[in-house]
Amino acid sequence: MTVTIYHNPECGTARNTLAMIRQSGVEPVVIDYGSNPPTRARLQQLIADAGLTLRQAIRQKDTPYAELGLDDPALSDDALLDAMLAHPILINRPFVETPRGVRLCRPSEVVLDILENPAIGHFTKEDGEIIIDSQGRRLV
């Protein structure tokens, strides 16, 4: 089973998602999208496969979103894609692709919905939030 994560190692959500994938017994293909962004076609496919619009896939927080005027509703999808490719930090993360589907894993526990083995045992996020308790019950 191939699992791919479009990862930002500086992002806590991405680190939590990666940890859950690994705890499921899978070593994923890890793509640092900041240094190795997806192609235009690949980004469009990830967004479509995740069932999102381009606007839902753009990260606003801690990015040049406002400075670039990307909040303008008149901007076309092509213009939004151009901005995302020119500034990969605008790509919301992490996207994860498995044989069971593609998801934007925000929050990180969304990844459990597409893992072959979602019974990963106890899991606590970096911030201390318990996602799966010691009895294996998903709390979120």
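Owing to the predicted nature of the structure, the values given are computational and were not obtained by experimental measurement.

Asks: Where do I start with the overall build of the chain in this structure?
Replies: Each helix and strand in the chain was counted, giving 4 helices and 6 strands. Ordered by position from the N terminus, the helices and strands of the chain form the series β-α-β-α-α-α-β-β-β-β. In summary, the chain has a C-alpha radius of gyration of 16 Å against a globular reference of 14 Å for 140 residues, a match within 12%. Across its three principal axes, the chain shows a C-alpha extent of roughly 50 × 30 × 25 Å. Considering the chain as a whole, with its 140 residues, one finds that 44% of them fall into the buried category. Contacts in the chain between residues at least 24 apart in sequence constitute 57% of all its contacts with a sequence separation of at least 6.

Asks: What should I look at first to understand the sheet that holds strand E4 (residues 101–104) in this one?
Replies: Within a beta sheet, neighbouring strands are joined by backbone hydrogen bonds and run either parallel or antiparallel to one another. Judged by pairing direction, the sheet is mixed, and its 4 strands sit side by side in the order E2-E1-E3-E4 without closing on themselves. Sheet topology places strand E2 (29–32) and E4 at the edges, where each strand pairs with a single neighbour. Taking the axes of each pair of neighbouring strands and ignoring which way they run, one obtains an average angle of 15° across the sheet. By the bridge criterion, 4 bridges tie strand E3 (residues 95–98) to E4 in an arrangement that is antiparallel. Its bridge partner being in E4, Phe95 is matched across the sheet by Leu104. Here helix H1 (residues 12–23) sits on the sheet and contacts strand E1 (4–7), E2 and E3; the angle it forms with E1, its principal contact strand, is near 160°. Against the sheet, helix H2 (residues 40–49) contacts E1, E3 and E4, and its axis sits at roughly 80° relative to E3.

Asks: Would you mind showing me how to read unusual backbone geometry here?
Replies: Most of the time, phi is negative for any residue but glycine, and the peptide bond is trans. Cis rather than trans, the peptide bond between Arg93 and Pro94 has omega equal to 0°. Summarising the element assignment, Pro94 is placed in the loop between helix H4 (77–86) and E3. Of note, the bond from Arg106 into Pro107 is cis; its omega dihedral lies within 30 degrees of zero at 5°. Within the element layout of this structure, Pro107 appears in the loop between E4 and strand E5 (123–124). With phi around 55°, Asp62 is a residue other than glycine that occupies positive phi space. Under the relative-accessibility criterion, Asp62 is labelled exposed at 65%.

Asks: What is the right way to look at the pattern of salt bridges in this model?
Replies: If charged atoms from side chains of opposite charge come close, those side chains can pair. Applying the stated rule across the entire model yields 9 salt bridges. A salt bridge links Glu27 to Arg22, with the nearest nitrogen and oxygen atoms 2.9 Å apart. Assessed through its relative accessible area of 56%, Glu27 is described here as exposed. Since its relative accessible area comes to 41%, Arg22 is described here as partly exposed.

Scoring rules and cut-offs
- Residues numbered from 1 in each chain as written.
- Predicted model: local features only at pLDDT ≥ 70, side-chain atom pairs only at ≥ 80, totals over all residues.
- Heavy atoms only, no water.
- Helix = DSSP H or I, 4+ residues; strand = E, 2+ residues; numbered from the N terminus.
- Rg over C-alpha atoms; globule rule 2.2 N^0.38 Å.
- Buried < 20%, exposed > 50% of the residue type's maximum accessible area, 1.4 Å probe, protein only.
- Contact = heavy atoms within 4.5 Å.
- Pairing = 2+ DSSP bridges.
- Axes fitted to C-alpha atoms, helices over the stretch in contact; angles between N-to-C directions.
- Salt bridge = Lys/Arg side-chain N within 4 Å of Asp/Glu carboxyl O.

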